[in-house]
Amino acid sequence: MTDVKQIVNLKFTLNGKAVEVDCEAEETLAEVLRDRLNLTGTKISCEVQVCGACTVLVDNLPVSSCTYLAYEARGKNVVSIEGLAKPDGTLHPMQQAFIDEFAFQCGFCTPGMILAAKALLDENPKPSREEIIHFMDGNICRCTGYVPIVRAIQKVAGTLENKPHK
Amino acid sequence: MTNEKKKGEFQVVNHSVPRRDGRAKVTGRASYVSDVKLPAMAWAKVLRSPYPHAKIVSIDTSKAAARPGVYGVLTGNDLEGINPYYGHAVKDHPLLAIGKVRYVGEPVAAVVATDERTAFAALEFIEVKYEELKPVLTPEDAMANDAPLLHDRQFEAGALRGFEGEVTAGKKSNICQEHHLKWGDVEEAFKKAAAVVEGEYYFPMTYAYAMEAYVAIADVNDNGVTVYSSAQHPFMVRHDLKAIFNLPVSQVRLIVPFVGGGYGSKSYTKIEPLAAACSWKFRRPVKLQLTIEEAMLTTRSDDAFTWMRTAVDANGKIIARQARIYMNTGAYAENSPLVVEKSTNRCVGPYSIPNVQIDNYSFYTNTVPASSYRGFGCAQVTLPGESQVDELAAKIGKDSYEFRVMNAAKHGEEFFPKMRPFEGSLKEDLDIAAKALGWKEPIPKGHGRSIACSTSDAGAYPLTSTAVRVHADGSVTILTGSTELGQGSHTVLPQIAAEELGVPFEKVHVMSSDTAITPYDRSTGASRTTTLMGSAMIDACREAIQQMVAMAADVLKVKVEQVEVVRGGVRVGELQLDWSQIISKYYALPDGEVIGRAYIRKAGRFSQIPVFWETVSTGVEIAIDEETGKIDVEKLVTVGDVGLAINPALAEGQDIGAATMGLGTGLYEELVYEGAQLMNGSILEYRLPRFKDTAKEVELNLVENQDGVGPYGAKGGGEGSLNSMAANIANAVARATGVRIRHAPLTPERVWRALKERKAQ
């Protein structure tokens, strides 16, 4: 066993801007985002790509950044939760819908949940309830019972049968 | 009392104001302990025991300690100079195993290194020699005459208060705690009963599964101990740390930023002592971040083996209930002695039963220590309790919903001797549940319906304080020791302050859960924050207003009696001043502040225990596939009897969240031990509710009769809808198939086997 660490130089696009970072070959994208680039919005939970908390978008597709080697992201277009709102602070419609529909409580699954939901609507702008459930099944939330998350996605898709909160 | 305003008259309260933490949480800016870094911070990783019960013969850490980047290795032999035992009920829990390990997964040593990978890589270089001892794995093992004792010394008491019994732990047996409840004469009542049902039930061990695993960053230096933690109860952790390090309260600081889910599993002290001991020994800030698998080796809920019988008279009135419960509490007591007391009390249910006898024992075993979990022992006993209500109704040919209504405790009724009388509208709640579920409508083939209910002696112990700072510009900072776990305290508490001070919600800001700054609050659990911290908030706002009335009188040179309080300020004759103007005039500068404060104790309106009764009715309709035993939830109904919802959307969110966890334990959640080994201690094997498990239809209801002791008649919520879910599943299966299953969770295999047995008969 050797303790010599192999350092690689990575260049990719992150939230619309070119970034360049040195990291160890074995580092995951989540580690690079959180520890090297100080973007801690990406959360690490299960570490075995089952819970979806660490979801980020790579070339518009959701990936589990907890097991995705940072090296794999070279030259690609990565979007993390920090890249969703507009520079003037205006929230992405999915972020706003999560607030409006009370679609989170503790918030730990929320960044991954929002990015997965965005990926769904990018691919299928008017999904049925069943399609939402099928697509989102890889993201776990322990607080909300999922119902308000489905509502938030339907709201952005324009398919929510409205029942306003009191 | 503070319920002078009626529903419909509130400006801020009783509205579904968007969450205060919303923007932070949807943009990734919300900070959790896992996101915190301190300068010069080291990382710790833990070596865990491979044996359930063994003597530690020797530990050689030299090779691990010599590795590059390692600052040192801490073991149970290095704790001289501190008091290494802690525990909320009794101090039976060493922060690292000392001389002996008591469960597979117990921390044996911790490596502290420059980074997490280096610390982890060093673990395999620690050499531990064990001498195996006979393990005790179940209550049955623990009771055996030749059972080895897990603990063989007397323990010092922990911080547990408001507790009726003494803790049994450490008294020369493996009984961790026993609790007994008795009124009336059950023997006599069962003799003269018109019908009796009797059965044995099992409620499984479960894991709360917060998405954020336990994490703590400790910095121990000459100024004392500072810990950033994912703890629900920072003041309770402070209590343990001050004893471990023999420090005054003022030198122990717990800081809790946003918590990534708790559900009771982050109650009380967990990994903070170990992180702090690492920092103390190696003289630098240390971060200890567990993995989910390690978190599952840190705590779980108590499983329960319950024998219960319930009797009715000829009029269909429940006249007696008796139960004997054996709980498996694992290697250390943690908060389980309180779970034992609470589950004893919660056997009674929301019914007026004249003869009751409950005998409840929890046992130390060589398994992961059990402690608090959402609902505090209520789900464990509501499976038998609400199953038997259905079984009895069926036996005497009554509709189970009508049978419940007939036996429901009534508002103001002293249904539980020496406790606060029942508060709530259970009949109304059940009616709403029945209507929402379409109770009287024909049931499709293969479907079953159930309505169930529970009440919990909730609110924990009433000791809470707060301060409200009104600034010279009219903005407000509230200081609250309650932690934001996601339940919404950062939204509900400023709503209450805004209502009281008559200022916009946006002007009230929250400073929370830093024991060096925020006044004492005993805990964030048992659904107590809205009721207790909310009440303190009202009192503190009103005290601030009184001070500002006196200030207004002073600056305007009038008598205090001439100053009339109006929304957001005062009026003296034609002159109106808002809070900002009063404070600025008082200090003769546009600066300064007024501090209102409040202390809640077990006195006055909070003199009776429980603080409140948390009462929830729930209902399900399920579809069952008899070929596979698989159950789908078609419809889910909750009815929270909350007095007044300070924020209805948040209250409903608590109800559906808790109900979903309850469905998990009703349908598939279960920690499985095979011998001494936890077989499914990871997300890959521990089945959690997912998107695909959501009910097709959901109806969430709140009953708001302003009959609680809290703000404007509010009572707590957030746990209740979990409690009756496993019973609902069992009852609905019984209605659909005629087969009564008394063992949760009702997994497809368990259901399929039960149906197969029926066919065989």
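Residues numbered from 1 in each chain as written. Chains lettered and ligands numbered in written order. Predicted model: local features only at pLDDT ≥ 70, side-chain atom pairs only at ≥ 80, totals over all residues.

K.L.:
How should the overall build of chain A be read in this particular structure?
P.N.:
For chain A, the count of helices and strands is five helices and five strands. Element order for chain A, N to C, with α for helix and β for strand: β-β-α-β-β-β-α-α-α-α. In terms of C-alpha radius of gyration, chain A reaches 17 Å, essentially the compact-globule figure of 15 Å for 166 residues. For chain A, the C-alpha atoms occupy an extent of roughly 60 × 35 × 25 Å along the three principal directions. Across the 166 residues that make up chain A, the buried fraction comes to 53%. Within chain A, contacts between residues at least 6 apart in sequence are counted, and of these 59% link residues at least 24 apart. (Helix = DSSP H or I, 4+ residues; strand = E, 2+ residues; numbered from the N terminus. Rg over C-alpha atoms; globule rule 2.2 N^0.38 Å. Buried ≥ 20, exposed ≤ 12 C-beta atoms within 10 Å, placed from the backbone. Contact = placed C-beta atoms within 7 Å.)

K.L.:
Can you help me understand the overall build of chain B in this one?
P.N.:
A tally of helices and strands in chain B yields 19 helices and 30 strands. In terms of overall dimensions, chain B is globule-like: its C-alpha atoms have a radius of gyration of 27 Å, near the 27 Å expected for 761 residues. Principal axes of the C-alpha set define a box for chain B whose edges measure 90 × 75 × 45 Å. A buried classification covers 62% of the 761 residues belonging to chain B.

K.L.:
Would you take a moment to explain the environment of Met406(B) for this structure?
P.N.:
All names here are of chain B. In this fold, Met406 is placed in helix α11 (residues 400-407). We classify Met406 as partly exposed; it has 17 C-beta atoms within 10 Å. As a C-alpha pair, Met406 and Lys427 span 21 residues in sequence and 8.3 Å in three-dimensional space.

K.L.:
When you look at the pairing of strand β23 (residues 569-572) of chain B in this model, what are you seeing that I'm missing?
P.N.:
A regular strand carries its side chains on alternate faces of the sheet. Residue and element names in this part refer to chain B. Where strand β22 (residues 564-566) lies against β23, three bridges are found, and the strand directions are antiparallel. Looking at β23, one finds that Val566 is bridged to Gly569. Between the antiparallel neighbours β22 and β23 lie two residues, among them Gly568 with a positive phi of about 80°. The sheet contact formed by β23 and strand β24 (residues 575-578) spans four bridges and is antiparallel. The residue of β24 that forms the bridge with Arg571 is Gln576. Connecting β23 to the antiparallel partner β24 that follows it, the hairpin turn spans two residues, and Gly573 within it adopts a positive phi of roughly 60°. (Pairing = 2+ DSSP bridges.)

K.L.:
How should the interface of chain B and chain A be read in this particular structure?
P.N.:
How big an interface is tends to be stated in terms of accessible area lost as the parts join. The interface of chain B with chain A comprises 43 residues on the first partner and 40 residues on the second. Elements represented by at least two residues in the side of chain B that touches chain A include exactly α1 (22-27) and α16 (648-667) of chain B. The element contributing the most residues to the side of chain B that touches chain A is α16(B), with eight residues.

K.L.:
So what exactly am I meant to see when it comes to the sheet that holds β22(B) here?
P.N.:
In any sheet, the strands associate via hydrogen bonds between backbone groups, in a parallel or an antiparallel arrangement. All names here are of chain B. If you trace the three strands from one edge of the open sheet to the other, you get β22-β23-β24, paired in antiparallel fashion. Looking at strand neighbours, the two that pair on one side only are β22 and β24, the edges of this open sheet. For this sheet the average axis-to-axis angle between neighbouring strands, irrespective of direction, equals 30°. On top of the sheet, helix α14 (residues 529-556) reaches β22, β23 and β24; it is set at about 40° to β23, its chief contact. Packing of helix α15 (residues 579-587) onto the sheet brings it into contact with β23 and β24, and relative to β24 it is tilted by some 85°. (Axes fitted to C-alpha atoms, helices over the stretch in contact; angles between N-to-C directions.)

K.L.:
Honestly, helix α13 (residues 489-501) of chain B in this entry has me stumped. Any pointers?
P.N.:
One turn of an α-helix holds 3.6 residues; hence residues three or four places apart share an orientation. Residue and element names in this part refer to chain B. The terminal C-alpha atoms of α13, which comprises 13 residues, lie 18 Å apart, in line with the 18 Å expected from a rise of 1.5 Å per residue. Most of α13 is tucked away: 13 of the 13 residues are buried. One or two positions beyond α13, positive phi appears at Gly502, with a value near 70°. (Expected span 1.5 Å × (residues − 1).)

K.L.:
Looking at this structure, how should I read the environment of Gly488(B)?
P.N.:
Residue and element names in this part refer to chain B. Counting through the fold element by element, Gly488 comes out in the loop between β20 (476-480) and α13. Residue Gly488 is classed as buried on the basis of its 26 C-beta neighbours within 10 Å. Separated by 162 residues in sequence, Gly488 and Leu650 place their C-alpha atoms 6.7 Å apart. When residues no more than four places from it in sequence are discounted, the contact partners of Gly488 are Arg19, Asn647 and Leu650.

K.L.:
How should I be thinking about the nonpolar core in this particular structure?
P.N.:
Considering soluble globular proteins, one finds that nonpolar side chains tend to be buried as a cluster. Residues and elements named next belong to chain B. Ranked by internal contacts, the top residues of the largest apolar core, which has 303 residues, are Ala44, Val112, Ala275, Cys278, Ala497, Met537 and Ile729. The element best represented in this core is α14, accounting for twelve residues. For Val112, the residues in contact, after removing those within four places along its chain, are Ala42, Ala44, Tyr71, Gly72, Leu74, Ala119, Cys278, Phe282 and Val286. (Core = buried A, V, L, I, M, F, W, Y, C linked by C-beta atoms within 7 Å.)

K.L.:
Is there a simple way to explain the packing of helix α2 (residues 93-100) of chain A against helix α5 (residues 147-157) of chain A in this structure?
P.N.:
A pair of packed helices is characterised by two quantities: the angle between their axes and the separation of those axes. Residues and elements named next belong to chain A. In contact at an axis separation of 8 Å, α2 and α5 are set at 135° when each is read in the N-to-C sense. By the angle class used here, α2 and α5 are oblique. As α2 packs across α5, the resulting crossing turns out to be right-handed. Here α2 contributes Pro93, Met94, Ala97, Phe98 and Asp100 to the contact with α5, which in turn contributes Ala152, Lys155 and Val156. The class makeup of the residues in the contact of α2 with α5 is six nonpolar, no polar and two charged. (Parallel < 35°, antiparallel > 145°, perpendicular 65-115°, else oblique. Left-handed = near helix turned anticlockwise from the far one by under 90°. Nonpolar A, V, L, I, M, F, W, Y, C, P; charged D, E, K, R; others polar.)

K.L.:
I would appreciate a short explanation of the environment of Ile538(B) in the present structure.
P.N.:
With respect to the helices, strands and loops of the structure, Ile538(B) is situated in helix α14. On the basis of neighbour counts, which here come to 20 C-beta atoms within 10 Å, the residue Ile538(B) falls in the buried class.

K.L.:
Even after reading the chapter, I still don't get the sheet that holds strand β14 (residues 286-289) of chain B, so can you show me in this structure?
P.N.:
Residues and elements named next belong to chain B. The seven strands are arranged β3-β7-β1-β14-β11-β12-β13 in an open sheet whose pairing can be described as mixed. Since the sheet does not close on itself, it has two edges, and those belong to β3 (70-75) and β13 (252-255), each with one partner. The average angle at which neighbouring strand axes cross in this sheet is 20°, direction not considered. The pairing of strand β1 (residues 42-48) with β14 spans three bridges and is parallel. Directly across from Trp43, in β14, lies its bridge partner Lys287. Contacts between helix α6 (residues 234-245) and the sheet are confined to β12 (224-229) and β13, with β13 contributing the most and set at about 145° to the helix. Where helix α7 (residues 272-282) meets the sheet, its contacts fall on β1, β3, β7 (107-113), β11 (215-221), β12 and β14, and the angle it forms with β11 comes to roughly 35°.

K.L.:
When you look at the confidence of the model for chain B in this model, what are you seeing that I'm missing?
P.N.:
Detailed reading of the predicted coordinates is not advisable wherever pLDDT falls low. Per-chain confidence: chain B averages 96 in pLDDT, with 99% of residues scoring 70 or above. Among the prediction metrics, the complex's ipTM stands at 0.97, with pTM recorded as 0.97. (pLDDT = per-residue confidence, 0-100.)

K.L.:
Could you clarify how one ought to interpret the packing of helix α10 (residues 378-395) of chain B against α11(B) in this entry?
P.N.:
Residues and elements named next belong to chain B. Following both chains from N to C, one finds α10 and α11 inclined at 110°, their axes separated by 9 Å at the closest point. Classified by the angle their axes make, α10 and α11 are roughly perpendicular. Facing Val389, Asp390 and Ala393 of α10, the residues of α11 in contact are Ser400, Phe403 and Arg404.

K.L.:
Would you take a moment to explain unusual backbone geometry for this structure?
P.N.:
For residues that are not glycine, phi is negative in most cases, and the peptide bond is trans in most cases. For the bond from Ile609(B) to Pro610(B), the omega torsion is 0°, close enough to zero to count as cis. Within the element layout of this structure, Pro610(B) appears in the loop between β25 (593-600) and β26 (612-625). With an omega dihedral of -5°, the bond running from Ala744(B) to Pro745(B) counts as a cis peptide bond. With respect to the secondary-structure elements, Pro745(B) resides in the loop between α18 (725-737) and α19 (748-760). In the Ramachandran plot, Asp59(A) falls in the positive-phi region, its phi being about 50° despite a non-glycine side chain. With respect to the helices and strands, the residue Asp59(A) is situated in the loop between β3 (55-58) and β4 (61-64).

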